[in-house]
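# Residue-level structure breakdown
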Amino acid sequence: MLETHPTVSRLLTAPAGTPRHRNQDELVGLAQQVRLLGRGGAGFPVATKLAAMPRGRAVQVLVNGSESEPASQKDRTLMRQAPHLVLDGALLVARALDTRHVTVLVHDPGATDALTRAVRERSDASRVRVVAHAGGFVSGEVRAAIRLVDGAPAVPPGRRVLPHESGVGGAPTFASNVETFAQLALLSSLGADGYAAIGSAAEPGTTLLTLVGDVSGPGVVEVPTGLPLAALLPGQDTDPRPVLIGGYHGSWVSDIRDLRVERPGLREAGLPLNAGVVARLSNDTCALAEVVAVSTWLAGQSAGQCGPCFFGLPAVARDAYALLHGRPSTADLDRRVAQLPGRGACAHPDGAAMFIRTALTTMTAEVEEHRRHGTCGRPWLQELPTGPAPAVRSAS
Amino acid sequence: MRIEVDWTRCDGHGLCARLLPEKVGLDEWGFPVIDTPEIGDDLVPHARRAVGACPALALRLVPG
């Protein structure tokens, strides 16, 4: 299934075993040398985040495995297949920060089981807390995740407080995505040169992606950074179709010729990779209906705290639905989408606006077809998942 | 100075748009739309009045 593009298997098959101890400065130095970026969505430099942390018994380490975007599978796959590597990374960071407080926040039941078992299997993880939750999309946002761990409602707070100042229980907290911790464990074992032996210069190493829809092999893959996106999307040059980069807070694009799987380059191109979802629609499904379905899902994921998001996202979803059925103008939708960014406690309205705005600018032919005929004649095949995630298929 | 909205508190009462129309408009649901949050010296007293009048304590004037 996966012979068509070059995958590597570093994270998903990493041998268990505690990586050598590194102090905070060493770990910061390593992360700096390989330009490690957080793998949750924001892509923040890990070295900067780690260097800002105080040390001591009160410090908290939070491993965010809440992965609540239905299209994303990479975090649960990693936790199910390599739970010890995730724990290695978490304990490595905890030791470097002179603390034993580690909390892993998990959404997926299979991942919860794997991690709980892994904690019991080792002698150095007795203080690791695995917290399972069933929250929605924005509950995965790091400050919402912290509140959830603290037993408060899992919604982003109104004031911008950074976790390294006040996180779990009000203590300074190093919080990052599960894949970030696994990458740190690998980095510590391999050293900077070994880690950077594969991948691009701008972001060495590998990255996990979730491939969705009409792609070379749907499911979770680990690829070297710098891989041309075209390698994952065969036939795109002769039959260009809308490609979604960065999941449901990401962007649609149809010309991918110059794009590579690498966070800095994609960000520069205005196409942030976010949590690593890459999707392409087939020619058999109604692309506009797929967009309407995701827009409706995004509207339903508003925590309901912020008016512009709570009222704006459903209105935008209704506008998109009207286009699907032949509304002649995109003016209402354009105006409402333009008002979303920057008007919420978290980036949910910003991300949703990005998804919808780029969908309409990429799918002009589809929108025109619907404007003229009220339909494109293709059925909605639900290629973009909006419900509970299906069973994991992965690349190992 | 700059005005900032705590969106989790704002209930769209709209007093800010009345007291600081130079900076604050309202969307179709009555929530503030602020295109440029920077407040020049001449507007600072008006901005302070808007901050003080917000029934939800959602508006802040912050340095920067």
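Everything below is about the structure shown above.
To keep things clear, this report deals only with the structure shown in the data block. Model, not experiment: these values are computed from the prediction. (Residues numbered from 1 in each chain as written. Chains lettered and ligands numbered in written order. Predicted model: local features only at pLDDT ≥ 70, side-chain atom pairs only at ≥ 80, totals over all residues. Heavy atoms only, no water.)

## A word on the packing of helix H1 (residues 24–33) of chain A against helix H7 (residues 178–195) of chain A
The angle between the axes and the distance between the axes are what describe a pair of packed helices. Residue and element names in this part refer to chain A. In contact at an axis separation of 10 Å, H1 and H7 are set at 85° when each is read in the N-to-C sense. The angle between H1 and H7 places the two elements in the roughly perpendicular class. Each of Leu27, Leu30, Ala31 and Gln33 in H1 lies in contact with H7, whose residues at this interface are Leu184, Leu187, Ser188, Gly191 and Ala192. Each residue belonging to the contact of H1 with H7 can be placed in one class, and the counts come to 6 nonpolar, 3 polar and no charged. (Axes fitted to C-alpha atoms, helices over the stretch in contact; angles between N-to-C directions. Helix = DSSP H or I, 4+ residues; strand = E, 2+ residues; numbered from the N terminus. Parallel < 35°, antiparallel > 145°, perpendicular 65-115°, else oblique. Contact = heavy atoms within 4.5 Å. Nonpolar A, V, L, I, M, F, W, Y, C, P; charged D, E, K, R; others polar.)

## Here's the deal with the pattern of salt bridges
Residues and elements named next belong to chain A. In total, this model carries 28 salt bridges over all chains according to the counting rule given. For glutamate 203, the salt bridge goes to arginine 263, with nearest N and O atoms at 3.2 Å. A residue pair is termed long-range when its members are at least 10 positions apart, and glutamate 203 in the loop between H7 and strand S5 (206–213) and arginine 263 in helix H8 (residues 263–268) qualify at 60 residues. Take glutamate 203 and arginine 263: they sit in the same class, and that class is buried. Taken together, the shared-partner salt bridges in this structure form one network comprising Arg39, Lys74, Asp75, Glu179, Glu203 and Arg263. (Salt bridge = Lys/Arg side-chain N within 4 Å of Asp/Glu carboxyl O. Buried < 20%, exposed > 50% of the residue type's maximum accessible area, 1.4 Å probe, protein only.)

## A few points about the environment of glutamate 383 of chain A
Assignment of secondary structure puts glutamate 383 of chain A in the segment after helix H13 (364–373). Separated by 309 residues in sequence, glutamate 383 of chain A and lysine 74 of chain A place their C-alpha atoms 18 Å apart.

## Observations concerning the environment of leucine 233 of chain A
All names here are of chain A. Mapping leucine 233 onto the fold places it in the loop between strand S6 (219–224) and strand S7 (243–245). Using a relative accessible area of 1% as the deciding quantity, one classes leucine 233 as buried. Taking the C-alpha atoms as reference, leucine 233 lies 5.8 Å from serine 216; in sequence the two are 17 residues apart. With residues up to four places along the chain from it excluded, the contact list for leucine 233 reads Val215, Val243, Ile256, Val278 and Arg280.

## Quick word on H13 of chain A
Residues and elements named next belong to chain A. Among all positions in H13, only Glu366, Val367 and His370 are buried. Down the axis of H13, the smallest arc covering the buried residues is 100°, so these residues share one side. Residues of H13 that are exposed and point over 90 degrees away from its buried face: Ala365, Arg372 and His373. Looking at the buried positions of H13, the neighbouring elements they touch are helix H9 (287–300), helix H10 (307–324) and helix H12 (348–362). Among the residues trailing H13, glycine 374 stands out with phi positive, at a value near 75°. (Arc of directions from axis to C-beta.)

## Focus on the sheet that holds strand S2 (residues 101–106) of chain A
Residues and elements named next belong to chain A. Overall, parallel pairing links the 4 strands, which are arranged S3-S2-S1-S4 in an open sheet. One side of each edge strand has no neighbouring strand; the edge strands of this open sheet are strand S3 (128–132) and strand S4 (173–177). Within this sheet the neighbouring strands show an average axis-to-axis angle of 20°, counted without direction. Here S2 runs beside S3; their pairing, made up of 5 bridges, is parallel. Along S3, the bridge assignment pairs valine 106 with alanine 132. On top of the sheet, helix H4 (residues 83–96) reaches strand S1 (60–65), S2, S3 and S4; it is set at about 155° to S1, its chief contact. (Pairing = 2+ DSSP bridges.)

## Regarding the sheet that holds strand S8 (residues 251–253) of chain A
Residue and element names in this part refer to chain A. Read from one edge of the open sheet, 5 strands run S6-S5-S9-S7-S8, paired in mixed fashion. Only two strands of the sheet have a single partner each, and these edge strands are S6 and S8. Strand-to-strand twist in this sheet, taken as the mean axis angle between neighbours without regard to direction, amounts to 30°.

## Examining the packing of H4 of chain A against H7 of chain A
Residues and elements named next belong to chain A. At their nearest, the axes of H4 and H7 sit 7 Å apart, and the two run at 80° to each other. Here H4 lies roughly perpendicular to H7, going by the angle between them. Each of Leu85, Val86, Asp88, Gly89, Ala90, Leu92 and Val93 in H4 lies in contact with H7, whose residues at this interface are Val178, Phe181, Ala182, Leu184, Ala185, Leu186 and Ser188. For the contact of H4 with H7, the class distribution of residues is 11 nonpolar, 2 polar and 1 charged.

## Examining the interface of chain B and chain A
Quite often, the size of an interface is put as the accessible area lost when its parts meet. Chain B puts 10 residues into the contact, and the matching count from chain A is 18 residues. Both faces combined, the contact of chain B with chain A buries some 1,200 Å², and carbon together with sulfur accounts for 58% of it. The largest contributions to the chain B side of the interface with chain A come from Trp7, Thr8 and Trp29 of chain B, which together make up 51% of the buried area. Our enumeration of links across chain B and chain A arrives at 3 salt bridges. Its salt-bridge partner being glutamate 28 of chain B, residue arginine 336 of chain A comes within 2.7 Å of it at the nearest N-O pair. The tally of links from chain B across to chain A stands at 5 residue pairs in polar contact (both at pLDDT 80 or more). Broken down by class, the residue content of the side of chain B that touches chain A amounts to 5 nonpolar, 1 polar and 4 charged. (Buried area = accessible area lost by both parts, 1.4 Å probe. Polar contact = N/O pair within 3.5 Å; in protein donor to acceptor, adjacent residues only side chain to side chain.)

## Concerning the packing of aromatic side chains
All names here are of chain A. Scanning the model with the defined rule gives 7 aromatic pairs over all chains in all. Both rings, one in tyrosine 248 and one in tryptophan 297, keep their centres 5.8 Å apart while their planes meet at 70°; by these two values the pair is edge-to-face. Within this pair, whereas tyrosine 248 is found in the loop between S7 and S8, its partner tryptophan 297 is found in helix H9, the two being separated by 49 residues in sequence. Across the pair, exposure class does not vary: tyrosine 248 and tryptophan 297 are buried alike. Measuring from ring centre to ring centre gives 5.2 Å for phenylalanine 310 and phenylalanine 311, while their planes differ by 80°; the resulting arrangement is edge-to-face. Relative accessible area serves as the criterion here: at 43%, phenylalanine 310 is assigned to the partly exposed category. Among the aromatic side chains, those forming a connected cluster through ring pairs are Tyr248, Trp252, Trp297 and Phe355. One residue, arginine 10, lies across the ring of tyrosine 195, its end atom 4.8 Å from the ring centre. (Phe/Tyr/Trp six-rings, centres within 6.5 Å; stacked < 30°, edge-to-face > 60°. Lys NZ or Arg CZ within 6 Å of the ring centre and 35° of its normal.)

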